[in-house]
Amino acid sequence: CRVTPVRQFLNLNPIAVISENFQRMVRAVPARQLRQLTVEISLTAWRRNVRAREDVLNRFERFGIGLAIDGIPVSELADLVERDIEGARYLKVNVAPFTPEEIEISLARCPKSILVKSILCRCENADQIAAGVEGGIRYFQGYGLSNFLDSPEQVAAVLGDKAADNLI
């Protein structure tokens, strides 16, 4: 039996990451687990704490911890500047309350380097998921995801018959 490591996400702010409490946690967790950890920091907090960013990025690099920038509206994804996403492994992009058409238009404006890092979050229905797939997104999160996966018809319509056949 082989167990595949699962990436774990932890939501913090930059100041918490440079705190002594975070350092104690890092010292207590095995390196293998740290490499599976991704810390989510909101875009607003990331932008506000410019002085802490370099320290955060250095710590993450040293321990193999990933960074996810959270709370990015899909309508603003293409307008991000490099300093906003520097060092980010993932971009958590909110699609609620946007329509599928708005999602498709926003994703079409993005370079592939942004899309491959993006996780569409707050997906509430199959149409939003379909718009994300059409726009080149591979990762999704949200309340509508379980309903989508429970419907082989929807999965087949968005991902094809082969994907629907693989549902258990």
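Scroll up to find the structure this text is about.
Conventions we followed
- Residues numbered from 1 in each chain as written.
- Predicted model: local features only at pLDDT ≥ 70, side-chain atom pairs only at ≥ 80, totals over all residues.
- Heavy atoms only, no water.
- Core = buried A, V, L, I, M, F, W, Y, C linked by side-chain atoms within 4.5 Å.
- Buried < 20%, exposed > 50% of the residue type's maximum accessible area, 1.4 Å probe, protein only.
- Contact = heavy atoms within 4.5 Å.
- 1 Å grid on protein atoms, 1.4 Å probe; cavity = no way out; pocket = protein on both sides within 12 Å on 5 of 7 lines; lining within 4 Å.
- Points joined across faces, edges and corners; volume = space filled by probe spheres on them.
- Helix = DSSP H or I, 4+ residues; strand = E, 2+ residues; numbered from the N terminus.
- Nonpolar A, V, L, I, M, F, W, Y, C, P; charged D, E, K, R; others polar.

K.L.:
I tried to follow the nonpolar core on my own but got confused; where do I start?
P.N.:
A general tendency of soluble globular proteins is for nonpolar side chains to be buried together. Counting residues in each nonpolar core, the largest one holds 41 residues, and the members touching the most others are Leu77, Leu91 and Leu120. In contact with leucine 77, not counting residues within four places along its chain, are Ile72, Leu91, Val93, Leu107, Cys110, Ile114 and Ser118.

K.L.:
Any chance you could explain the layout of surface pockets here in plain terms?
P.N.:
Gaps between atoms show up when a probe of the same size as a water molecule is rolled over them. Approximately 150 Å³ is the volume found for the largest pocket. Lining the largest pocket, in full, are Ile129, Val133, Ile137, Arg138, Phe140, Leu145, Phe148, Leu149 and Leu159. Residue assignment for the lining of the largest pocket shows that the elements contributing at least two residues are α9 (126-134) and α10 (143-149). When residues of the lining of the largest pocket are assigned to their parent elements, the largest contribution, 3 residues, is made by α10. Partitioning the lining of the largest pocket into residue classes produces 8 nonpolar, no polar and 1 charged.

K.L.:
How should the side chain of asparagine 94 be read in this particular structure?
P.N.:
Its place among the elements puts asparagine 94 in strand β4 (residues 90-94). Classification of asparagine 94 by relative accessible area gives buried; the value is 15%. Residue contacts for asparagine 94: discarding those within four places in its chain leaves Gly71, Ile72, Pro73, Val74, Cys121 and Arg122.

K.L.:
Would you explain the side chain of glutamate 40 in this entry?
P.N.:
Looking at the element boundaries, glutamate 40 is found in strand β2 (residues 37-42). Classification of glutamate 40 as buried rests on a relative accessible area of 8%. Every residue in contact with glutamate 40, bar those within four places of it in the chain, is listed here: Phe9, Leu10, Asn11, Leu12, Ala68, Asp70 and Lys92.

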